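Chain by chain, the residues:
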Amino acid sequence: MDRGERRESQARAAEGAPVPRRLWVEDPVARARMADPVRKAAVRAVLIVSLTLIQAMVAFLCTLAGSWLALPMVFSSIASTVVATWSVLDVWVTRQVWKQRYGVVSEPSSSARQLRRERRRVRRAARAAARADARIGRRERREHGGRRVAEAEV
């Protein structure tokens, strides 16, 4: 439901007119979408595994029928099984690599984010104090004719 539809339904409700019910309401997704490289690897793996299963079934049926095609199909099914295993491992490796490169998005309530905020706050306070000290030092030098405070007092 976009803003325009929401405004119209609120206006109708305010006028007393019946508001039509929607067929469904979209809920926000609880989990984030898979990364593109991981999704591509997963789709590739699903296609390869499904073709391997079909090939194995055809090899089994050819064996039951006593066809000459049974032996080549069994050999190709073995090779396809190796490829399918590799493709499933590729999904896992791609996911791990993506996580290491781009990290996991931390939730707002995560302790890691709060620690980073506190460290940032301390660094900002230290920089502000250093700037204030530098300003005070420049002001004192101006007041004492460019000499240091220790020289002016002596």
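For every chain, the first residue of its written sequence is number 1, and the numbers climb from 1 along that sequence. Only residues with pLDDT of at least 70 are given local features in this predicted model, and only at 80 or more are side-chain atom pairs given and counted; all residues enter the totals for whole chains, interfaces and linings. As a rule here, side-chain values come from all non-hydrogen atoms in the structure, and water together with hydrogens is ignored.

Considerations on the overall build of the protein chain
Working step 1: By definition, any uninterrupted DSSP run of H or I lasting at least four residues is a helix, any uninterrupted run of E lasting at least two residues is a strand, and each is numbered from the N terminus. A tally of regular secondary structure across the protein chain gives five helices and zero strands.
Working step 2: Going from N to C terminus, the protein chain has its helices and strands arranged as α-α-α-α-α.
Working step 3: When checking whether two residues touch, look at their non-hydrogen atoms; a contact exists if any pair is within 4.5 Å. Considering only contacts in the protein chain between residues 6 or more positions apart, those separated by 24 or more positions represent 48%.
Working step 4: Accessible area for the protein chain stands at about 13,500 Å²; split by element, carbon and sulfur atoms hold 61% of it. All accessible-area figures derive from a Shrake-Rupley calculation using a 1.4 Å probe, and residue coverage is judged against the displayed protein chains alone.

Structural notes on the confidence of the model for the protein chain
Working step 1: Each residue carries a pLDDT score, the predictor's own confidence in it, on a scale running from 0 to 100. Confidence in the prediction for the protein chain averages 82 pLDDT; 75% of positions are at 70 or higher.
Working step 2: Taken element by element, the protein chain is modelled with least confidence in helix α5 (residues 149–153), mean pLDDT 52, and with most confidence in helix α2 (residues 36–65), mean pLDDT 95.

A look at the environment of leucine 89
Working step 1: Assignment of secondary structure puts leucine 89 in helix α3 (residues 70–102).
Working step 2: Using a relative accessible area of 43% as the deciding quantity, one classes leucine 89 as partly exposed.
Working step 3: Linking leucine 89 and alanine 42, residues 47 residues apart in sequence, is a C-alpha distance of 9.9 Å. The cut-offs for exposure are 20% and 50% of the maximum accessible area for each residue type, with area from a 1.4 Å probe on protein chains only; residues under the lower value are buried, those over the upper are exposed, and the others partly exposed.

Points about the side chain of threonine 52
Working step 1: Along the chain, threonine 52 falls in helix α2.
Working step 2: In this structure, threonine 52 is in contact with Ser77, Ser80, Thr81 and Ala84, ignoring residues within four places of it in sequence.

Focus on the pattern of salt bridges
Between side chains of opposite charge, pairing is possible as soon as their charged atoms come close.
Working step 1: By convention in these notes, a salt bridge is any Lys or Arg side-chain nitrogen within 4 Å of a carboxyl oxygen on Asp or Glu. The final tally for this structure, using the stated rule, is three salt bridges.
Working step 2: In this structure, aspartate 36 and arginine 33 form a salt bridge, with 4.0 Å as the shortest nitrogen-oxygen distance.
Working step 3: Taking the relative accessible area as the measure of exposure, aspartate 36 reaches 45% and is therefore partly exposed.
Working step 4: Here arginine 39 ties to aspartate 36 by a salt bridge, and the two come within 2.2 Å at their closest N and O atoms. Here arginine 39 and its partner aspartate 36 are both found in helix α2, three residues apart, which amounts to about one turn of the helix.
Working step 5: On the accessibility criterion, arginine 39 (23% relative accessible area) is partly exposed.

What to know about α3
Working step 1: For α3, spanning 33 residues, the distance from its first C-alpha to its last is 47 Å, which sits close to the expected 48 Å at 1.5 Å a residue.
Working step 2: All of the buried residues in α3 are Ala70, Met73, Ser77, Ser80, Ala84, Ser87, Val91 and Thr94.
Working step 3: On its buried side, α3 packs onto α2.
Working step 4: Residue glycine 103 follows α3 closely and has a positive phi angle near 70 degrees. Take the number of residues in a helix, subtract one, and multiply by 1.5 Å to get its expected span.

What about the packing of α2 against α3?
Working step 1: At a minimum axis separation of 8 Å, α2 and α3 run at an interaxial angle of 160 degrees. By the criterion of interaxial angle, the relationship of α2 to α3 is roughly antiparallel. As α2 runs across α3, the sense of the crossing is left-handed.
Working step 2: Note that Gly is not counted as nonpolar here; it falls among the polar residues with everything else outside the nonpolar set of Ala, Val, Leu, Ile, Met, Phe, Trp, Tyr, Cys and Pro and the charged set of Asp, Glu, Lys and Arg. Here the residues of the contact of α2 with α3 are counted per class, giving 19 nonpolar, nine polar and three charged. Throughout, an axis means a line fitted to C-alpha atoms (over the contacting stretch in the case of helices), and angles, computed between N-to-C directions, take values from 0 to 180 degrees. Here is the rule for angles: anything less than 35 degrees is roughly parallel, anything more than 145 is roughly antiparallel, 65 through 115 is roughly perpendicular, and the remaining ranges are oblique. By convention, the crossing between two helices is left-handed when the near helix turns anticlockwise from the far helix through less than a right angle, and right-handed when the turn is clockwise.

Examining α2
Working step 1: In this model, α2 (30 residues) spans 44 Å end to end at C-alpha, consistent with the 44 Å of a helix rising 1.5 Å per residue.
Working step 2: Taken as a whole, α2 has its buried residues at Val38, Ala41, Ala42, Ala45, Thr52, Gln55, Ala59 and Cys62.
Working step 3: Structurally, α2 contributes buried residues whose contacts are with α3.
Working step 4: Positioned one or two residues after α2, glycine 66 has a phi angle of 75 degrees, which is positive.

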